[in-house]
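Descriptive analysis of the structure
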Amino acid sequence: MKKAKNPSLPASRKGKTASAAPMVINPKLELVQLLIPIALERVNEILQDEVTSLAGPRYARDTTNRAVKRWGKQAGSVYLADQKVPLRVPRVRDVERNCEIPLASYHQLQRPRATEEQLFVRIIRGLSCQNYERAAQLVPEAFGLSRSNISRRFIRTSAKKLQMLLNRRLEQYEFVALVLDGKTFRQAQMVIALGITKSGEKIILGFIETATENHRVCAEFLQGLIARGLEYQQGLLVVIDGGKGLRTAIAEVFGDYALVQRCQWHKRENVVAYLPTSQQARMRQKLQQAYEQPTYVQAKQALLRIRTELVQLNPTDAVNRRLPVSMKVLKRRSRCIGWDFSKNWGSV
């Protein structure tokens, strides 16, 4: 595969960098966010069922003996697992008593709930096997909602939405970075692909049940993203957690068009693991501050000072090898795409 040519920046973009604050990237959290709209559909279904039980079917002809009426909607919020989500809440009113009737189901959804991780594993497995209806059926329960009386309409509609999300074409997005993160849900190992656009938008591209050491499966997964329209010939920063099989797959599929950066969180944890427990929190903070320096020169100077201090705390060569001082790869890539990655990717 040919090497990527370093494109020259248009005159209008020279000297400009993005002003966004450092972003924190958590693919596991992004996956939860992807499923929240599906769970919200189930919430609306639960609320509407209670409204119907109180006020009768909408547009029913015989309403002469009903004092309870639908009364529009108002702004509200519910908890899906531990995530507070806004929504429009239907209102019901007793017109004879001139008072509003609170919805019991809405009151029950005001409390945070713990997520059931094993259910998320089953959802991901269903999606990776393209069993979208089974995955859609499990989403409400994973967020702490009742699974009883789930309508076939909800399952069909939600399954179609999940299928569209995870198979959508990617040509419309201008990706500058790809985060490939290996996560463990109970005993299941997953690789999650998260694309980041030039504007900073984070988009789940897909996931597969495999370990980051499995080079063949990881390569097929990346080739699937390309088949869906992922453009990488302009150059792509690929952030990984260090799995050797995943790195081999990136080189095989993207060739020299990809510049690989180890996740700074994993790098930082590898360094502090060699330090006494009493020194770890302080050193984490110093490393993070170094990563967030506004320029390459300042970041390198800060890392050099930290390396000197680390040698005093642990004179073995293990720590020295695990602290990356040079950020030239990021510096070179930032010139190619017009971003100052030392400023915008401090928490990657």
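Since we're looking at a predicted model, the values are computed, not measured.

What follows covers the sheet that holds strand 3 (residues 99-100). Remark on secondary structure: sheet strands pair via backbone hydrogen bonds, oriented parallel or antiparallel. Taken in spatial order, the three strands of this open sheet run 1-2-3, and their pairing is antiparallel. A strand with exactly one partner marks an edge of an open sheet, and here the two such strands are strand 1 (68-80) and strand 3.

Turning our attention to unusual backbone geometry. Positive phi outside glycine occurs at Asn98, with the angle close to 55 degrees. Tracing the backbone shows Asn98 in the loop between strand 2 (83-94) and strand 3. Accessibility expressed as a relative area gives 56% for Asn98, which makes it exposed. Backbone geometry at Gln130 places phi at a positive 60 degrees, although glycine is not the residue there. Here Gln130 falls in the exposed class, since its relative accessible area comes to 56%.

Pairing is possible between side chains that carry opposite charge, provided their charged atoms lie close to one another. Following the criterion strictly, the structure yields 10 salt bridges and no others. Residues Lys161 and Glu41 are paired through a salt bridge, measuring 2.9 Å at the closest nitrogen-oxygen approach. Separated by 120 residues along the polypeptide, Lys161 in helix 5 (residues 152-166) and Glu41 in helix 1 (residues 27-55) bring together distant segments of the chain. Each of Arg282, Lys286 and Glu309 takes part in salt bridges that share partners, so that together they form one network.

Bringing the packing of aromatic side chains into the picture now. This model, assessed by the stated rule, comprises three aromatic pairs. Ring plane angle 55 degrees and centroid distance 5.1 Å describe the contact between Tyr232 and Phe254, whose orientation is recorded as tilted. Here Phe254 lies in helix 7 (residues 244-254) and Tyr232 lies in the loop between helix 6 (215-227) and strand 7 (236-240), a separation of 22 residues in the sequence. Judged by relative accessible area, which is 9%, Tyr232 ranks as buried. An angle of 80 degrees between the planes, with centres 5.7 Å apart, marks the rings of Tyr232 and Tyr257 as edge-to-face. Of this pair, Tyr232 sits in the loop between helix 6 and strand 7 while Tyr257 sits in the loop between helix 7 and strand 8 (258-262), and the two are 25 residues apart along the sequence.

What follows deals with the environment of Arg66. Relative to the helices and strands, Arg66 is located in the loop between helix 1 and strand 1. By relative accessible area, Arg66 is classed as partly exposed at 34%. Residues Arg66 and Glu96, 30 residues apart in the sequence, show an inter-C-alpha distance of 9.5 Å. Those residues in contact with Arg66 that lie beyond four places of it in its chain are Leu54, Ala55 and Gly56.

What follows is about the packing of helix 9 (residues 277-291) against helix 10 (residues 296-313). Running from N to C, helix 9 and helix 10 cross one another at 160 degrees; their axes reach a closest spacing of 8 Å. The angle between helix 9 and helix 10 falls in the class roughly antiparallel. Of the two possible hands of crossing, helix 9 and helix 10 adopt the one that is left-handed. The segment helix 9 lies against helix 10, with Gln279, Arg282, Met283, Lys286, Leu287, Ala290 and Tyr291 engaging Ala299, Ala302, Leu303, Ile306, Glu309, Leu310 and Leu313. Among the residues forming the contact of helix 9 with helix 10, the class breakdown is 10 nonpolar, one polar and three charged.

Calculation notes
Residues numbered from 1 in each chain as written. Predicted model: local features only at pLDDT ≥ 70, side-chain atom pairs only at ≥ 80, totals over all residues. Heavy atoms only, no water. Pairing = 2+ DSSP bridges. Helix = DSSP H or I, 4+ residues; strand = E, 2+ residues; numbered from the N terminus. Buried < 20%, exposed > 50% of the residue type's maximum accessible area, 1.4 Å probe, protein only. Salt bridge = Lys/Arg side-chain N within 4 Å of Asp/Glu carboxyl O. Phe/Tyr/Trp six-rings, centres within 6.5 Å; stacked < 30°, edge-to-face > 60°. Contact = heavy atoms within 4.5 Å. Axes fitted to C-alpha atoms, helices over the stretch in contact; angles between N-to-C directions. Parallel < 35°, antiparallel > 145°, perpendicular 65-115°, else oblique. Left-handed = near helix turned anticlockwise from the far one by under 90°. Nonpolar A, V, L, I, M, F, W, Y, C, P; charged D, E, K, R; others polar.

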